Amino acid sequence: MSQTQQQQTEAKQKQQGLSELAKREERTARWLLLPTFAVILLIAIYPLGQVFVSSFTNARFAAPDHQTQFIGFQNYSNLLSMTIRELPVETDDEGNPVIEDGEVQYENSFRVLPSDPRRYRGVYEFSLFGNRYVLGATNQNFVRSIWDTVSLTVIAVFLETVLGMAIALTLSVKFLGRGVMRAAMLVPWAVITVVSARIWEWMLEPTRAGFFNAFFDQIGIASGNISFFTNPALQIPSMIAMEVWKTTPFMALLLLAGLATIPKELYEAAEVDGATPIRRFFSITLPLVAPTLAVALIFRTLDSLRIFDAFQVVLGEQRYSMASFAQSMLINNSDVGLSSAASVIIFIIVFSFAILYMRALGVDTE
Amino acid sequence: MSKETRQRIASFFFWLLIIFIFVYLMFPFYWATISALKPEQELIRTPTTYFPQNLTLQNFRAVFQNGQFLRGLLNSTIVATVATALSLMVGSFAGYALGKMRFRGKSPSLYVILAMTMFPQVAILAGLFTVMRFLDLPTLASLILSYLIFTLPFTVWVLTSFFRGLPISLLHSAQVDGANMMQTFWHVLLPLTAPALVTTGLLAFIQAWNEYLFALTFTVTEPVNQTVPVTIAQFTGEIARQEPFGEIMAAAVVVTIPLVILVLVFQNRIVEGLTAGAVKG
């Protein structure tokens, strides 16, 4: 055997040994990952598939005589059918428009919206180019829940970001008692959401036994009987107030950690160059904290879109978030099919937001 | 205006801001606490009193005599503890594999787990409900298993980055000493991950302790298995006729205090864990 041949055999043996080791490593890794993926398969992937399949059926539970059948897109069309109709001006017997308090009165949307084959109900009325229109839907609760949840998310996340940034900037200054403040910030984050909802429910009582009504009455706003949870115009703002209080600290903590990574020298240099504090914020702080902000925004938006606890506890069946609608259809109506279709729509909405964000903010997932 | 006066004014406004932030964060707890300490007549008085005039422990006594509430506390403790322990165990295996080993299909696995951390739980509610009815486990076990959907991916994610940060030389020297992959894991790496385990464990525990959607849905026909959030959401009073807000606030204070203590003791770790994924330092 020549020397080169011997070297080749040795190299081959070595390689085989290595790949044997690599194979063993791969096998160990597979075993280590197995439980995690088994769990994910059992409680996430399979149920998701199940939800997808039942969304095309009229499945119900706790109904022994019920025959489950495939009904195609019926659940989806029930949830999402919408129409826009013009509302005619209400006229009296002589054909003149009815005017009350100086405002033209319109026909009741109930009369204008189609009722065949299914009843459409008014979700939202609006004026455009001097005409009055109504948006009708076959399932006005679900359509409204989408609108409410998305608008709540947009407003709440915006407020949280502004407030969170203000708090983070304040706390990034060194002062006596900064540790106490940081600890205080963790408290609203840690408290059970249901508990915070009940505390706010009590503070927002519709009589002056509640803090806000007593306080507003004292400073001369309203007369101490604002019904924050039964007046439809105040329901969503009340939910936003709760949500913002509960989640601003999380935002502030993330931003504070992001601010801590900005080198101090940058600010010193900018100050020497005579940059104003506002200029420094927009030219140094904001661009450098942007990656952290992007992650925080994604977390918070996706979280807020699936809001459930506060809605269910405080508003119950009065007004739904997307999640509380799906849960109520499942539990209170035993309507597995409709609830599943609602879940699939929620899933699509949440993931569209996620993708939109990733694109817009150019986040890399590594 | 001299420079000194300007600085004084600036400092005055700064402290005003600090106080304002502090009051904003803490006021709801103040309100819950004083409401819990007020007797029934003072609680429903209009206008309300900003400082309690008569203090009583009546509401707290009622809460601790409320069997449903105590049961809820016990259930919550069991569910949150077991869910945390399970996800730490299963999660540290996965974190070790993903953080320190080479194998095909590693990045797809990471992506799946990352996607799971953003999973909207309501999307699988009906399906999970069916799975749990099929498995026919005791309700508390179903809750524990369901909670892994949010505790596990998060644990794996944080532990993976922690394992990745451990020096590879540790692995090599253990191998030179003749330890196999699992021995290295148990005797070398796991002791080193203790701080990360505490952090992720705390966060997972708090998440499980707070969970409401699954808890409400799965216990709808069996009040015995309700966890604390469900009990508090559906609180019926012993004393008051209407919504017993005095007792609800007492219950709120009782369940919040342990959490606050936990958070204050471990605040550095929690902040670390919360910001781990978001900030690249």
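The following paragraphs examine the structure supplied in this document. Throughout, a residue's number is its position along its own chain's written sequence, starting from 1. To label them, take the chains in the order written and letter them from A, then take the ligands in the order written and number them from 1. Owing to the predicted nature of the model, reporting of local features is limited to residues with pLDDT of at least 70; listing and counting of side-chain atom pairs is limited to 80 or more, with chain, interface and lining totals taken over all residues.

1. As for the overall build of chain A
Working step 1: Secondary structure elements follow DSSP: runs of H or I of four or more residues count as helices, runs of E of two or more count as strands, with numbering from the N terminus. What chain A contains, in helices and strands, is 13 helices and five strands.
Working step 2: Based on C-alpha atoms, the radius of gyration is set beside the globule rule, defined as 2.2 Å times the residue count to the power 0.38. What you see for chain A is a C-alpha radius of gyration of 29 Å, clearly larger than the 21 Å of a compact globule of 366 residues, by over 25%.
Working step 3: In chain A, buried positions account for 37% of the 366 residues.
Working step 4: Long-range pairs, those at least 24 residues apart, make up 59% of the contacts in chain A between residues at least 6 apart in sequence. Neighbour counting defines burial: a residue surrounded by 20 or more other C-beta atoms within 10 Å of its own C-beta is buried, one with 12 or fewer is exposed, and intermediate counts give partly exposed, using backbone-placed C-beta atoms. A pair of residues counts as a contact when their C-beta atoms, built from backbone coordinates, are separated by no more than 7 Å.

2. Remarks on the overall build of chain B
Working step 1: Each helix and strand counted, chain B has 13 helices and zero strands in total.
Working step 2: The linear arrangement of helices and strands in chain B, starting from the amino end, is α-α-α-α-α-α-α-α-α-α-α-α-α.
Working step 3: Expected size for 281 residues packed as a compact globule is a radius of gyration near 19 Å; at 24 Å, chain B overshoots this value by more than 25%.
Working step 4: Seen along its three principal axes, the alpha-carbon backbone of chain B occupies a region of about 75 × 75 × 35 Å.
Working step 5: Within chain B, the proportion of its 281 residues that are buried is 44%.

3. Considering the sheet that holds strand β4 (residues 121-128) of chain A
Residues and elements named next belong to chain A.
Working step 1: In space, the three strands of this open sheet follow the order β1-β5-β4, with antiparallel pairing throughout. Across the chains shown, the open sheet's two edge strands, defined by having one partner strand only, are β1 (82-87) and β4. Direction aside, neighbouring strands of the sheet carry axes that sit 25° apart on average.
Working step 2: Two strands are said to pair when DSSP picks up at least two bridges between them. Judged from the six bridges that link them, β1 and strand β5 (residues 131-137) form a sheet pairing that is antiparallel. Among the inter-strand pairings, Leu87 is bridged to a residue of β5, identified as Arg132.
Working step 3: To get an axis, fit a line to the C-alpha atoms, keeping to the stretch in contact for a helix; angles then go from 0 to 180 degrees between the N-to-C directions. Along the sheet face, helix α4 (residues 140-171) touches β1, β4 and β5 and points at about 55° away from the line of β4.

4. Here we look at unusual backbone geometry
Working step 1: For the bond running from Thr46(B) to Pro47(B), omega is -10°, close enough to zero to count as cis.
Working step 2: Within the secondary structure, Pro47(B) is located in the loop between α2 (40-43) and α3 (58-64).
Working step 3: Positive phi is not limited to glycine here, since Ser334(A) has a value of about 55°.
Working step 4: By the secondary structure assignment, Ser334(A) is in the loop between α12 (322-331) and α13 (336-361).
Working step 5: On the neighbour-count criterion, Ser334(A) (15 C-beta atoms within 10 Å) is partly exposed.
Working step 6: Residues other than glycine seldom take positive phi values, yet Asp136(B) does so here, at roughly 55°.
Working step 7: Turning to its location among the elements, Asp136(B) is positioned in the loop between α6 (125-135) and α7 (139-165).

5. So, the interface of chain A and chain B
Working step 1: Taken together, the contact between chain A and chain B spans 79 residues of the former and 79 residues of the latter.
Working step 2: If one sorts the elements of the side of chain A that touches chain B by residue count, helix α1 (residues 3-54) of chain A sits on top with 21 residues.
Working step 3: In the scheme used here, Gly and all other residues not listed as nonpolar or charged are polar, with Ala, Val, Leu, Ile, Met, Phe, Trp, Tyr, Cys and Pro taken as nonpolar and Asp, Glu, Lys and Arg as charged. Class assignment for the residues of the side of chain A that touches chain B results in 53 nonpolar, 17 polar and nine charged.

6. Observations regarding helix α8 (residues 232-260) of chain A
Think of an α-helix as 3.6 residues a turn; residues three or four steps apart then line up on the same face.
Working step 1: A helix is expected to span 1.5 Å for every residue after the first. A rise of 1.5 Å per residue sets the reference length of α8(A), with its 29 residues, at 42 Å; its end C-alpha atoms lie 42 Å apart and thus fit the reference within 8%.
Working step 2: A residue's bend is given by the angle between axes fitted to the 7 residues ending at it and the 7 residues starting at it. At Thr247(A), α8(A) shows its strongest bend, of approximately 40°, with the proline Pro249(A) following within four residues.

7. So, the nonpolar core
Working step 1: In these notes, a nonpolar core means any group of buried Ala, Val, Leu, Ile, Met, Phe, Trp, Tyr and Cys residues linked to one another through C-beta atoms within 7 Å. Judged by nonpolar contacts, the single largest core of 165 residues is most densely connected at Leu255(A), Ala326(A), Ala342(A) and Ala252(B).
Working step 2: With 15 residues, α7(B) is the largest single contributor of residues to this core.

8. Describing the environment of Gln140(A)
Residue and element names in this part refer to chain A.
Working step 1: With respect to the secondary-structure elements, Gln140 resides in helix α4.
Working step 2: A residue is classified by how many C-beta atoms lie within 10 Å of it, and Gln140, with 18 of them, is partly exposed.
Working step 3: A C-alpha to C-alpha distance of 14 Å links Gln140 and Leu338, two positions 198 residues apart in sequence.
Working step 4: Each residue touching Gln140, except ones within four places of it in the same chain, is listed here: Arg121, Gly122 and Val123.

9. A short note on the pairing of β5(A)
All names here are of chain A.
Working step 1: By the bridge criterion, seven bridges tie β4 to β5 in an arrangement that is antiparallel. Paired with Leu128 across the bridge in β5 is Asn131.
Working step 2: The loop that links β4 with its antiparallel partner β5 comprises two residues; one of these, Phe129, has a positive phi angle of about 50°.

10. What to know about the packing of α12(A) against α13(A)
All names here are of chain A.
Working step 1: For the pair α12 and α13, interaxial distance at closest approach is 8 Å and the crossing angle is 160°. When the interaxial angle is binned, α12 and α13 end up roughly antiparallel. Crossing of α12 over α13 shows left-handed handedness. On α13, the residues that touch Met322, Ala323, Phe325, Ala326, Met329 and Leu330 of α12 are Val336, Leu338, Ser339, Ala342, Ser343 and Ile346.
Working step 2: The residue makeup of the contact of α12 with α13, split by class, is 10 nonpolar, two polar and no charged. If an angle is under 35 degrees, it is roughly parallel; if it is over 145, roughly antiparallel; if it lies from 65 to 115, roughly perpendicular; otherwise it is oblique. Throughout, a crossing is termed right-handed when the near helix is turned clockwise from the far one, and left-handed when it is turned anticlockwise from it by less than a right angle.

Note that every value here comes from positions in space, so none of it alone points to a role or purpose.
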